[in-house]
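The primary structure of each chain is shown beneath.
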Amino acid sequence: MVVRPYSNEELWNPHPYQLPKRSRLNHIIPVAVGTPFIESLTSYITRLAQSHSISISILMTREFAPLLTKHYIQNGSKKGLSTLFNRGAAINSTGELAQLLVNSVEKLTLKQNLSALTLLPFRDFLSSRELLHKTKVWCPDCYQEWRNLTKTIYEPLIWTLKDVEVCSHHNRPLQTICSNCKRQIPWLHSKSRIGYCPYCDRWLGSSNKTETTSNSITLSSKFEKSLWKSKALGELITKSGENSLGIKQDNIAKAIREIINITHQGNIASFAKSLNLPRNTVWMWHEGKSIPKLKFILDICYCFDISLLSFLQLEKAAFQSLDINCQKLTDTILIKRVSPKDFDSEKIENALQTILNSQQIPPPTMKEVAKRLGFDRRIISKHCPELCKAISAKYRRYQNQIRATKIDECCQEVRQAVSALIEKGEYPSEARVSRLISQPGYFRYKKVRMVLKDAKSKQNF
Ligand SMILES: [Zn+2]
Ligand SMILES: [Zn+2]
């Protein structure tokens, strides 16, 4: 709802005053519009629910479902809602779901230009493959800073991009799991609250100053590249509010052709070889038959020291000053192609055995092992299936042990909480006990519920 002060003319006008149209939901203002840290649509929806003191589920089923044309959401059923929550990342993306939600939110809030809170302005030239972080990532320092400065706490759109791994404002890696319950957090959840974990209700910001500084990592070349990517994407996102970006889909093919012409005299094979890319893939990009994933566009820009915006907008001057002998080229392996001939079974078997026998805590996953050895997980698994299974089993055992220890700790906390409540003369209900323990989400485990039941029965409840 927009409240505009009356002008003198209107106050003294004898004709009845025409009230501006009222919005069904609060007309809240998106945060940081026109900056690299513009708010995301899932964040806006979450704040919208908070502003009405209702859960996301209620907001979705009662307000959005009737407006959404997709049958699974339209019914407002539990299953439909969970499908929508599972596709939370897509709400901020370039597809139909993002457009549907933008239209609905605009209709209900009468707020315009909300597509800028999604990647829709870039849909003509962004490949949707591996574009997004499927679950939430965040900068604890950003959350903490906004809270300390009593600013609006929100989630920037830039955090949704898979290629954004560091916060360019705090020079630190983004966090991907809750440090308390160790779970990944979906972009939208029935209990979503900005800045809090929906599973254990813990604050996701940095808890103190030491955490803030100790997490900042030194400038390694990998970190430098991640930081460059975050800044480059920030520049692009800043443009999301502009009506015409002037970037067409075939700009990418033109830019790649231009780079190959300047740096490799038009020789696709030689360009592909120098970047360790499959020749056919580069040919498809060159001919405009496929759009490279965002990761590859960023890698090429980083290699040749050209800004992402200049690349996409085909800025002539930037192409003329390309860094032809770029040193970064040798550091950057875009697609690691390993010939089956290079696979030394005996060497890999020994390496796997060493990893299996090592006392490393936590034990590595097979994904990490494959990355360390430089081969695809499937190839390793085909040659050494038993060792791979053993490594995965060791990792699972460790995870189970950790969970069991945490459940035991929680049981102990429940017993203490029950005693404390009884001492105060209060009934030890699950809700009261939940408020006193560090991980109330653990009531989902039968063992914890049984401990509560047992503690209550001992006190004759
Ligand atoms: Zn930050
Ligand atoms: Zn948590």
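The structure displayed is predicted, hence computed values, not measured ones.

S.K.: Looking at this model, I keep getting lost on the overall build of the chain. Mind explaining?
M.R.: Helices and strands together make up the secondary structure of the chain, namely 23 helices and two strands. Across the chain, contacts joining residues at least 24 apart in sequence account for 68% of those joining residues at least 6 apart. For the chain, the exposed area adds up to about 25,300 Å²; of that, 50% sits on carbon and sulfur atoms.

S.K.: Is there a simple way to explain the coordination of the zinc ion (ligand 1) in this structure?
M.R.: Cys139 (SG), Cys142 (SG), Cys167 (SG) and His170 (ND1) make up the full set of protein donors to the zinc ion (ligand 1), lying at 2.1 to 2.3 Å. Around the zinc ion (ligand 1), the four donor atoms are arranged such that angles at the metal cover 103 to 114°; this shape is classified as tetrahedral. Here the donor residues of the zinc ion (ligand 1) are spaced in sequence according to C-x2-C-x24-C-x2-H. Look at Cys167 and you get buried, because its relative accessible area is 2%. On the basis of relative accessibility, which here comes to 17%, the residue His170 falls in the buried class.

S.K.: Please clarify how the nonpolar core should be interpreted in this entry.
M.R.: Nonpolar side chains in soluble globular proteins tend to end up buried together. With 96 residues, the main nonpolar core has Met60, Phe64, Trp159 and Phe311 as its most contacted residues. Composition of this core by domain shows at least three residues from each of domain 1 (41-214) and domain 2 (246-331). Counting residues in hydrophobic clusters, the runner-up holds 15 residues, among them Leu421, Tyr442, Val451 and Ala455.

S.K.: Honestly, the coordination of the zinc ion (ligand 2) in this entry has me stumped. Any pointers?
M.R.: Ideal values differ by geometry: the angle at a metal is 109.5 degrees with four tetrahedral donors, but 90 or 180 degrees with six octahedral donors. Coordination of the zinc ion (ligand 2) by the protein is provided by Cys178 (SG), Cys181 (SG), Cys197 (SG) and Cys200 (SG), with metal-donor distances spanning 2.3 Å. The coordination sphere of the zinc ion (ligand 2) comprises four donor atoms, whose angles at the metal cover 103 to 115°; the geometry is tetrahedral. Here the donor residues of the zinc ion (ligand 2) share one chain and are spaced in sequence as C-x2-C-x15-C-x2-C. No difference in accessibility class separates Cys197 from Cys200, as the two residues are buried.

Calculation criteria
Residues numbered from 1 in each chain as written. Chains lettered and ligands numbered in written order. Predicted model: local features only at pLDDT ≥ 70, side-chain atom pairs only at ≥ 80, totals over all residues. Heavy atoms only, no water. Helix = DSSP H or I, 4+ residues; strand = E, 2+ residues; numbered from the N terminus. Contact = heavy atoms within 4.5 Å. Areas by Shrake-Rupley, 256 points an atom, 1.4 Å probe, with all protein chains shown as cover. Donors = N, O, S within 2.8 Å, 3.2 Å for Na, K, Ca; no water. Tetrahedral: all angles 85-135°; square planar, octahedral: opposite > 155°, others 65-115°. Buried < 20%, exposed > 50% of the residue type's maximum accessible area, 1.4 Å probe, protein only. Core = buried A, V, L, I, M, F, W, Y, C linked by side-chain atoms within 4.5 Å. Domains from an automatic or database assignment.

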